[in-house]
Amino acid sequence: MRKVLFIFLLVPFLGMAQVEQIADFYWANPIKVNDKIVFLRTEVTFGAELWVTDGTTAGTTILMDIVPGAGGSTPYHLTNIDDIIYFQANTDEIWRTDGTTGGTYKLVDNNAITNPSGFTKANGFLFFTEGNNTNRSLWRMQTTPNSEVQMTQGDSQVLQNVGFDLIALDDNTILFNAYTAAHRWAIWRTNGIVSEMIADFFPNTSPDMVQMYYGAKKIGNKVYFPALSEQYGGEYFTTNGTINGTDLLKDIYVSASYYDNSTLPETGFVEVGSNIFFVAKDNTNGLELWKTDGTTAGTQMVKDITPGNNSSSWSPGNLKAFNNQLYFTKNDGTNGTQIWKTDGTENGTIMVTTPIVNNVYANEVFVNQGYLFFTSYDSNNTTGIELWMLDSNDQAFLIQDIAPGNASSSPAQFMELNGYVYFNAYTDGTFASGKVFRINPQTLATTSFETEKVQIYPNPTQDYVKFKIENIEGYQIDIFNAVGQEIDLLIENSTIDFTSMPTGIYYITISNSTTGKKITQKIMKK
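Predicted, not measured: the structure shown is a model, and the values here were computed from it. (Residues numbered from 1 in each chain as written. Predicted model: local features only at pLDDT ≥ 70, side-chain atom pairs only at ≥ 80, totals over all residues. Heavy atoms only, no water.)

1. Re the pattern of salt bridges
Applied cut-off: Salt bridge, as used here, is a side-chain nitrogen of Lys or Arg placed within 4 Å of a carboxyl oxygen of Asp or Glu. Here the term buried applies to any residue with accessible area under 20% of the maximum for its type, exposed to any over 50%, and partly exposed to those in between, with areas from a 1.4 Å probe on protein chains only.
According to the stated counting rule, one finds ten salt bridges in the structure shown. In this structure, Asp109 engages Lys106 in a salt bridge whose closest nitrogen and oxygen atoms are separated by 3.3 Å. Glu196 is the partner of Arg189 in a salt bridge, and the nearest nitrogen-oxygen pair spans 2.7 Å. For Arg189, a relative accessible area of 24% translates into the label partly exposed. Residue Glu196 is classed as partly exposed on the basis of its relative accessible area, which comes to 27%. Connected through salt bridges with shared partners, the residues Glu93, Lys106 and Asp109 form a single ionic network.

2. A few points about the side chain of Thr238
Let me state the cut-off plainly: Working definition: helices are DSSP H or I runs of at least four residues, strands are E runs of at least two. Numbering for both runs from the N terminus. Residue contacts follow a heavy-atom distance rule, with two residues in contact if any of their heavy atoms lie within 4.5 Å.
The residue Thr238 is located in strand β23 (residues 233–239) in this model. Setting aside residues up to four positions removed in sequence, Thr238 forms contacts with Lys222, Val223, Tyr224, Phe225, Gly245, Thr246, Asp247 and Leu249.

3. Here we look at the packing of aromatic side chains
Stated formally: Under the pairing criterion, centres of Phe, Tyr and Trp rings, with the six-membered ring standing for Trp, must be within 6.5 Å; the plane angle then separates stacked pairs below 30 degrees from edge-to-face pairs above 60, leaving the rest tilted.
Summed over all chains, the structure comprises 24 aromatic pairs. Measuring from centroid to centroid gives 5.3 Å for Tyr236 and Phe269, while their planes differ by 80°, and the two rings are edge-to-face. Here Phe269 lies in the loop between β24 (246–250) and β25 (270–272) and Tyr236 lies in strand β23, a separation of 33 residues in the sequence. Pair check on accessibility: Tyr236 and Phe269 agree, each one buried. Ring geometry for Phe423 and Phe437: centres 6.0 Å apart, planes at 25°, overall stacked.

4. Observations concerning the sheet that holds strand β19 (residues 184–190)
Applied cut-off: If DSSP finds at least two bridges between two strands, the strands pair. Whenever a helix is involved, its axis is fitted only over the stretch in contact; in every case the axis is a line through C-alpha atoms, and angles between N-to-C directions fall within 0 to 180 degrees.
The strand order across the open sheet built from four strands is β17-β18-β19-β20, with neighbouring strands paired in antiparallel fashion. Whereas interior strands pair on both sides, the edge strands pair on one side only; in this sheet they are β17 (161–168) and β20 (195–199). Taking each pair of neighbouring strands and ignoring which way they run, the sheet shows an average axis angle of 35°. Where β19 meets β20, four bridges bridge the pair, whose relative direction is antiparallel.

5. What about the pairing of strand β29 (residues 317–322)?
Where β29 meets strand β30 (residues 325–331), four bridges bridge the pair, whose relative direction is antiparallel. Bridge pairing in β30 links Lys320 to Tyr327. The turn linking β29 back onto β30 is made up of two residues, and Asn323 within it adopts a positive phi angle of 55°.

6. What about the sheet that holds β24?
In spatial order, the strands read β21-β22-β23-β24; together these four strands make up an open sheet with antiparallel pairing. Edge positions in the sheet fall to β21 (217–219) and β24, since each has one partner strand and no second. Across this sheet, the average inter-strand angle for adjacent strands is 40°, counted without regard to direction.

7. Let's talk about unusual backbone geometry
The amide bond that connects Tyr457 to the next residue, Pro458, takes the cis arrangement and shows omega of -10°. Counting through the fold element by element, Pro458 comes out in the loop between β40 (454–457) and β41 (464–469). Cis geometry is adopted by the peptide bond preceding Pro460, which originates at Asn459 and carries an omega value of 10°. Even without a glycine there, the phi angle at Asp83 is positive, about 65°. If you trace the backbone, Asp83 turns up in the loop between β7 (76–81) and β8 (84–89). Taking relative accessible area as the criterion, Asp83 reaches 44% and is therefore assigned partly exposed. With phi around 60°, Ser494 is a residue other than glycine that occupies positive phi space. Looking at where Ser494 falls in the secondary structure, it is placed in the loop between β43 (491–492) and β44 (495–497).

Quick look at the structure:
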């Protein structure tokens, strides 16, 4: 491999000043409300209570000490509805907050209620369920204190049990699983006044399990959801909330006894343009990315990225709409977990990051202000799990090595507030070093990328590739083929000679010799 060093003026790829610490502790369950972020913090003085921040160190404080002293109320199930956060506190109480102390108060303290969750609004009511893991009941309330009412009847049947999940169908109706003596488990709807069964997917047999599973998503005038059925096994369905409007999306895995909850990722269904993307498994191809337009004929696998009947560890994850396409993480069995993108076609489904630069550890992917943030190892193991970003040209950049060396800062729990991206990270890789940081994506764009002016053209090419690099004191160029093998090409006069190479995909990596930061450009040889 021939490597060439050039000298220009130095502007670092990404400086240490890009990341700013705003809290000397690690937050949990952050949620945005009224230009503030409310979160759970556990510490020795107040125990586990809600805190609030305006995004600055000075503006970060405890919201309310619900249980005075070190005991803590352990707030849980924080849900933002119409700029009010509803949450469980003290195990059995329901509280609300608008992010201010005055707007934080108790709504429900009822001895008949325990472990309330599933807060969902429809028809002017706030619905929730309560109970233990195996026996729960459905309730409704106004948004005022002590207005809760248990809902026990539906179609003249007693609702003996309900599932955890409540799904808003529209402004007036929710969907839920309910158990009755006549049908055992089935799918129901309610507006808080009238409750009706809309689907029983087990009309002849009666398994003791809910039918509609988590991962439901309202898109257009339908709810898309995974469910168990007597005829099809575990598949995806759609409903408009009526009996006749509840249909199988497609029998993807043909077997009445098949069910695999690994096909139900937390990202569920993601709409990008005219396509709705999701993860599914058929009888041949294992867990892959699928798309639908809401019809059976329009439901199909996008691409068999990982050949064979792969397991859940190879499943697409972190589905995000970005740059008018779907971006996601996937292990193709050769390059490790990388970020991919698709326009919904097989040919338009390509790997974005490469094992030359990254080994993506994408426990979270976050999109903000034209950038996609993700966590990754550096390919040469000079850093641990750190914060990276993709720009609109699919260029991957390490933002900062927050935990220096091989230690991992493991950024997580991203939030946006007033133009900044906030997240947790460990400064030395240990839990005790957890802190809250923020970055300004627009500052990254103007100070880190635009000033470098790296140009590589033409792309695609038939023979030669030229490059122009300004404002970097020293750099090194490396060239790799599609499987990560370094190749030796002639580089002279800012030109790389590809004439001897077969058609295919290649990667040009430019490394800042001073900072060690890298930028990689994908090249198509015709």
